[in-house]
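Examining the three-dimensional arrangement
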Amino acid sequence: MEAFIEKAKTLIEALPYIQRFAGKIVVIKYGGSAMIDEDLKLSVIKDIVLMKLVGLKPIIVHGGGKEISYWMDRVNLQTQFIEGLRVTDAETMEIAEMILSGKVNKSLVQLMFQQGMKAVGISGKDGAMINVEKKLVNGKDIGFVGNIKHVNTEVLEVLLNSDFIPIIAPIGLDEKGQSYNVNADDAAGAIASAMKAEKLVFLTDVEGVLLDPYDQRTLITEINVSKAEELIQDGIIAGGMIPKIKCCIDAVNNNVGQVHILDGRVDHSLLLEVFTNSGIGTMMVK
Ligand SMILES: Nc1ncnc2c1ncn2[C@@H]1O[C@H](COP(=O)(O)OP(=O)(O)OP(=O)(O)O)[C@@H](O)[C@H]1O
Ligand SMILES: [Mg+2]
């Protein structure tokens, strides 16, 4: 009997969080790096299904970095990163779009379907959602990498109003209709701001922001904007964590309620963060 009472307690602990977030938009960036296997993907999808069923409005933005690199390799193309961003020539763009909009996006839609949820997989091209211009890194042209200028939220409103879960691949269009690869963190951040999300969660493949990338005990549980900028300057925050942190900074400055970086490799880290008072991962504050 006691075990049952414990279960009931766990459920009731979620009540204030359900009340707080009901009807609110939560943007989840699901990093390609954390999509290591099907079981894990299913567990993340189940967390999102639960969020949806208790009244939250989840929007998923996914990455696919590892998968793109894998397929680049399969067709003997070189992969190069500058400041955590993929250098994207025309061929890389073609592969990135096939992998993101095709393979990764639809596999998530499919998992949602298997859990009885109506999801619609789109990219930032659909409904002219993500408008970009070429992004320069330290003045350098790194190809078809987009800097988001504007998010047109129309298509997202339509989907949410019709009870669909939007699943978004980070591809955008410039004013001429050229395709651009957009860092998925940038896309999630811009969408969260444009949709006035209550929460933005980055699910990635580390515990959160670490002072020493090789030591999980150095996890920073709460970080503010100036400290984050300092850690980028010092090179402690590097690689793919740079665009992620920059997006966290933009999001808190754009009044997104709460911004978190979580370990997507841990079963149900999303549920724990949203519905319990266990502070896991790194939270960004102003
Ligand atoms: N200080 C730091 N703390 C934690 N991780 C760091 C730090 N500096 C660099 N990193 C790197 O950032 C990586 C996370 O970013 P990455 O872009 O690889 O994943 P993602 O954004 O989740 O996936 P995707 O790019 O496919 O969407 C970590 O795996 C880690 O190697
Ligand atoms: Mg990344």
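Residues numbered from 1 in each chain as written. Chains lettered and ligands numbered in written order. Predicted model: local features only at pLDDT ≥ 70, side-chain atom pairs only at ≥ 80, totals over all residues. Heavy atoms only, no water.

As annotated in an unreviewed UniProt entry, the chain carries the name Acetylglutamate kinase and is attributed to Natranaerovirga pectinivora. Turning to the chain, the UniProt record has this under Catalytic activity (unreviewed entry): "N-acetyl-L-glutamate + ATP = N-acetyl-L-glutamyl 5-phosphate + ADP". According to the UniProt record, the Sequence similarities (unreviewed entry) comment for the chain is "Belongs to the acetylglutamate kinase family. ArgB subfamily." (UniProt positions renumbered as here; feature names shortened; annotations may be inferred.)

The sheet built from eight strands is open, its strands ordered β5-β8-β2-β1-β11-β13-β14-β12 with mixed pairing. Looking at strand neighbours, the two that pair on one side only are β5 (119-123) and β12 (222-224), the edges of this open sheet. The sheet shows a mean angle of 20° between the axes of neighbouring strands, direction not considered. Across three bridges, the pairing between strand β13 (residues 258-263) and strand β14 (residues 282-285) is antiparallel. What sits directly across from histidine 260, in β14, is methionine 283. (Pairing = 2+ DSSP bridges. Helix = DSSP H or I, 4+ residues; strand = E, 2+ residues; numbered from the N terminus. Axes fitted to C-alpha atoms, helices over the stretch in contact; angles between N-to-C directions.)

Here we take up the UniProt feature "domain: Aspartate/glutamate/uridylate kinase" (unreviewed entry) in the chain. Within this numbering scheme, the UniProt entry marks residues 24-263 as carrying the feature "domain: Aspartate/glutamate/uridylate kinase" (unreviewed entry). Split by type, residues 24-263 is 38% helix and 28% strand. Its first and last C-alpha atoms lie 23 Å apart.

Before going further, it helps to examine the site of ligand 1. Around ligand 1 there are 20 residues in total, and Lys29, Thr204, Asp205, Leu210 and Lys244 lie nearest to it. With respect to ligand 1, the side chain of aspartate 205 contributes an N or O atom lying 2.7 Å from an oxygen atom. Here an oxygen atom of ligand 1 sits 2.5 Å away from a polar atom, N or O, in the side chain of lysine 244. In isolation ligand 1 offers 640 Å² of accessible surface; the protein chains occlude 81% of this area. Among the residues forming the shell around ligand 1, the class breakdown is seven nonpolar, nine polar and four charged. (Near = heavy atom within 4 Å. Polar contact = N/O pair within 3.5 Å; in protein donor to acceptor, adjacent residues only side chain to side chain. Areas by Shrake-Rupley, 256 points an atom, 1.4 Å probe, with all protein chains shown as cover. Nonpolar A, V, L, I, M, F, W, Y, C, P; charged D, E, K, R; others polar.)

Here we take up the side chain of histidine 62. Tracing the backbone shows histidine 62 in strand β2 (residues 57-62). Histidine 62 sits in the buried class, given a relative accessible area of 0%. Side-chain polar atoms of histidine 62 contact the side chain of asparagine 105, separated by 3.2 Å. Other than its neighbours up to four places away in sequence, histidine 62 contacts Lys29, Tyr30, Met35, Leu100, Val104, Asn105, Leu108, Ile167, Ile168, Ala169, Pro170 and Ala184. (Buried < 20%, exposed > 50% of the residue type's maximum accessible area, 1.4 Å probe, protein only. Contact = heavy atoms within 4.5 Å.)

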